[in-house]
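Residue-level listing of the chains:
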Amino acid sequence: MTDNHVQQSNDESTKQSEAGDEKVNLLGMSRSQLETFFESLGEKKFRASQMMKWVHQLGVTDFDDMTNMSKALREKLKSVAEIVVPEITYEDHSADGTRKWVMQMAGGSSIETVYIPDGGRGTLCVSSQIGCSLDCSFCSTGKQGFNRNLTSAEIIGQLWIAARSFGNADVSKERYVTNIVFMGMGEPLLNFDNVVPACDLMMDDFAYGISKRRLTVSTSGLVPMIDKLGSVTDVSLAISLHAPNDPLRDVLVPVNKKYPIKDLIAACQRYLANLPDKRRITIEYTLIEGVNDLVEHAHELVVLLKDLPCKINLIPFNPFPNNEYRRPSRNAVMRFQKVLNEAGYVATIRTTRGDDIDAACGQLVGRVEDRTRRSQKYIPVADVTPATQVAR
Ligand code: SAH
Ligand code: SF4
C-alpha cells in the first residue's frame, strides 16, 4: 500500500504483500483510524462501522465474507489490507472456569492472556508489552526485561481470541467478556500509542461495547502519562502502589524514584477530577511477607490515601522461581485487610484463580526470545513454568 493516509502506530502491524506493497492490518484500527482508511480508498466513513462489526462482533477475517461490501471494494481491500490475529500456541481451561492463552507474536516471543469468570462477570486480563522495562522486584515479567511493545492489533487480538473462544455467537448479543484489565504483561502507559486505539475499540459499540467503568488500565505510576491518558480517554485507572512510603516503594517499584508517591497521588486526583462521572482509583497492593504486609504498613496506608477516592485490591504475592519473596499467611493478609476496612476503605483480597493452569496474577511470564536486559544475571522463569513448557 502506497498511501500515507493511515498512520500505523507500529511497523509490526504492516507486512509486505507479494507485490512488495505494504498491507495494513485492520484488526487494531479504532473507528477514527478506519474512517480515515476508508476515506483514503474513496469510500464513505460508515464503512468503518461495517468493518468493525464484521471483524470484532462476528469474528470475520476474510474480506470475501463481508457481504455488505461491493465486490470491487472487497477486491480493493484484499490488495491493500489484511486482518491478522495473533497465533495461539497454547490454550488451557481451568476447572474453575479460568482460561489462559499463550499467543505467539511476530518475532517469535509469546505473551499471555487470562480470562477469569466470577459470577455474572468475566474479566479478561490483557498484556500490553512483551516483557517490561520497569523491573519491579516482585514481578516475573519485569525480571524478563523488555522485548517490544505490542501493536494495537496484538492487544485487541487478545480480546478477539477470547471472545471467539466462546463460540461464533455475535459478540454484541452474548457478552462473556464484561470487564477488561491491563494487568497482564507490560506497562500499558509505556505503549500509549497502541494501548489507546485498542481501548477505543474495546469500548466502541460496533466492536465490543465494554463500559469505560469496566475497562481498567493498570500502571506502576508514570505521572506524566497518567495526565496524558486523562486528556484522551476516560477509562478506569488502577495504580500499582505496593508500599505506603517512598523508601519502601523505591525498592519494590523502582520507577518511584522518578515519580514519588506524593506526585502519584496528585496525578490520580487530577485524573478523577477530569472524569465525567464519579469513580474511584483502584489501588493494587501486592502483599509480600515481612516486606510490606505489617500492620504498621496498613496504618500508614490509611493515612496516605485519606484524600483519594479509592478502593484497595490486596494481592497475596505469587511466588516464582529465583525470587526470595514469600506470600504472607492468610492471617497476615486478613489482618492487613481488617485495618483498612476498619478505617472505612473498601479493601478486597484478590483470590488466586486458575492456579492449576498457572494463570495467577504476576505469573504471566510468556517467553521472550530476544532478551535485551538482565539476561546475564537472571535465569528466565519462563523456562520452568508448565504453560510455557507446553507452549514450545
Ligand atoms: N505494569 C502494570 C500492569 C501489569 S502488572 C502495573 O504494574 O500496574 C499487574 C499487577 O500484577 C500489578 O499490580 C503488579 O504489581 C502485580 N504483580 C506483579 N507481579 C506479581 C506477583 N508476583 N504477585 C502478585 N502480584 C504481582
Ligand atoms: Fe512492569 Fe508492572 Fe511488572 Fe512493574 S509490576 S515490572 S511495571 S509489569
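As a reminder, the structure under discussion sits directly above these lines.
All values reported here derive from a predicted model rather than from experimental measurement.

Now for the site of ligand 2. Close to ligand 2 lie Cys-132, Leu-134, Asp-135, Cys-136, Cys-139, Gly-142, Gly-186, Glu-187 and Ser-220. The residue inventory of the shell around ligand 2, partitioned by class, reads 4 nonpolar, 3 polar and 2 charged.

Turning our attention to the sheet that holds strand β11 (residues 215-219). With mixed pairing, the 10 strands of this open sheet are ordered in space as β4-β5-β6-β7-β10-β11-β12-β13-β14-β15. With partners counted over all chains shown, the strands left at the sheet margins are β4 (87-93) and β15 (346-349), one partner each. Within the sheet, the average angular offset between the axes of one strand and its neighbour, ignoring direction, is 20°. Bridging between strand β7 (residues 121-125) and strand β10 (residues 179-182) involves 3 bridges; their strand directions are parallel. Along β10, the bridge assignment pairs Cys-125 with Val-181.

As a further point, take the environment of Gly-42. Mapped onto the secondary structure, Gly-42 falls in the loop between α1 (31-40) and α2 (47-57). Considering only alpha carbons, one finds Gly-42 and Leu-73, 31 residues apart in sequence, at a separation of 10.0 Å.

Moving on to the site of ligand 1. The full set close to ligand 1 counts 20 residues, and Phe-138, Ser-218, Ser-240, His-242 and Glu-284 are the nearest of them. In this structure, a nitrogen atom belonging to ligand 1 sits 2.9 Å away from a main-chain N or O atom of Phe-138. In this structure, a nitrogen atom belonging to ligand 1 sits 3.4 Å away from a side-chain N or O atom of Glu-187. Where the shell around ligand 1 is concerned, the elements lending two or more residues are β11 and β13 (281-287). For the shell around ligand 1, a count of residues per class yields 8 nonpolar, 10 polar and 2 charged.

Within helix α10 (residues 295-304) the residues assigned to the buried category are His-297, Ala-298, Leu-301 and Val-302. Along the long axis of α10, the arc covered by the buried residues comes to 145°, so they all point the same way. Facing away from the buried surface of α10 by more than 90 degrees, the exposed residues are Glu-296 and Val-303. Those residues of α10 hidden inside the fold are in contact with α8 (246-252), β13 and α11 (330-342).

Looking now at a positive patch on the surface. On the surface, Arg-121, Arg-214, Lys-278, Arg-280 and Lys-311 cluster together into a positively charged patch. With respect to the element layout, Arg-214 can be found in the loop between α6 (192-203) and β11. A residue is classified by how much of its surface remains accessible, and Arg-214, at 38% relative accessible area, is partly exposed.

Parameters and conventions
- Residues numbered from 1 in each chain as written.
- Chains lettered and ligands numbered in written order.
- Predicted model: local features only at pLDDT ≥ 70, side-chain atom pairs only at ≥ 80, totals over all residues.
- Heavy atoms only, no water.
- Near = heavy atom within 4 Å.
- Nonpolar A, V, L, I, M, F, W, Y, C, P; charged D, E, K, R; others polar.
- Pairing = 2+ DSSP bridges.
- Helix = DSSP H or I, 4+ residues; strand = E, 2+ residues; numbered from the N terminus.
- Axes fitted to C-alpha atoms, helices over the stretch in contact; angles between N-to-C directions.
- Polar contact = N/O pair within 3.5 Å; in protein donor to acceptor, adjacent residues only side chain to side chain.
- Buried < 20%, exposed > 50% of the residue type's maximum accessible area, 1.4 Å probe, protein only.
- Arc of directions from axis to C-beta.
- Contact = heavy atoms within 4.5 Å.
- Patch = residues over 30% accessible without salt bridge, like charges linked within 9 Å, V, L, I, M, F, W, Y side chains within 5 Å.
- Areas by Shrake-Rupley, 256 points an atom, 1.4 Å probe, with all protein chains shown as cover.
- Salt bridge = Lys/Arg side-chain N within 4 Å of Asp/Glu carboxyl O.
- Lys, Arg positive; Asp, Glu negative; His and termini not counted.
- Charge placed at Lys NZ, Arg CZ, Asp CG, Glu CD.

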